[in-house]
Amino acid sequence: MSIERRPDERPPERRRRLEVDEESVRKSLAGLVLTIVELLRQLMERQALRRVDQGGVSDEQIEKLGLTLMALEKNMEELREHFGLTEDDLNLDLGPLGPLLPRD
């Protein structure tokens, strides 16, 4: 009669070790966070353009929105560069739904 053990009950020498490359984990986490930030940035930009098109925004507000969105885009470029990521790295493929971030 044999006793079956759960995987976590194996003797320590028989447990599988997961080798983790710290740099790879750091880059992957940065990519995930930047993907979310980029998605939010694009949504904010579309909302701002929609408000401008509807005419409920003053010229001063339009100028401020434009400068803010350009600064945010520049900051995203710098962060991508810092972590060695490209725009494509942040655009997750959702299979049949297509890419997460539409590129205009």
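In this report, we go over the structure that sits alongside the text. (Residues numbered from 1 in each chain as written. Predicted model: local features only at pLDDT ≥ 70, side-chain atom pairs only at ≥ 80, totals over all residues. Heavy atoms only, no water.)

## Structural notes on the side chain of Thr35
Relative to the helices and strands, Thr35 is located in helix α1 (residues 22-54). Not counting chain neighbours up to four residues away, the residues in contact with Thr35 comprise Leu90, Leu92 and Leu100. (Helix = DSSP H or I, 4+ residues; strand = E, 2+ residues; numbered from the N terminus. Contact = heavy atoms within 4.5 Å.)

## With respect to the packing of α1 against helix α2 (residues 59-83)
The geometry of α1 relative to α2 is characterised by a closest axis approach of 11 Å and an angle of 165 degrees between their N-to-C directions. The angle between the axes of α1 and α2 places the two elements in the roughly antiparallel class. In this structure, α1 meets α2 at a crossing whose hand is left-handed. Contacts between α1 and α2 involve Arg26, Lys27, Ala30, Leu34, Val37, Glu38, Arg41, Met44, Glu45, Ala48 and Val52 from the first element and Ile62, Leu65, Leu69, Leu72, Glu73, Met76, Leu79, Arg80 and Phe83 from the second. Residues that form the contact of α1 with α2 fall into these classes: 13 nonpolar, no polar and 7 charged. (Axes fitted to C-alpha atoms, helices over the stretch in contact; angles between N-to-C directions. Parallel < 35°, antiparallel > 145°, perpendicular 65-115°, else oblique. Left-handed = near helix turned anticlockwise from the far one by under 90°. Nonpolar A, V, L, I, M, F, W, Y, C, P; charged D, E, K, R; others polar.)

## A short note on the environment of Leu92
Mapped onto the elements, Leu92 comes out in the segment after α3 (87-90). On the basis of relative accessibility, which here comes to 38%, the residue Leu92 falls in the partly exposed class. When the C-alpha positions of Leu92 and Leu32 are compared, they lie 9.3 Å apart, and in sequence the two are 60 residues distant. Sequence-distant contacts of Leu92, that is, excluding residues within four places in its chain, are made with Thr35, Gly98, Pro99 and Leu100. (Buried < 20%, exposed > 50% of the residue type's maximum accessible area, 1.4 Å probe, protein only.)

By themselves, these are just geometric observations and shouldn't be taken as functional.
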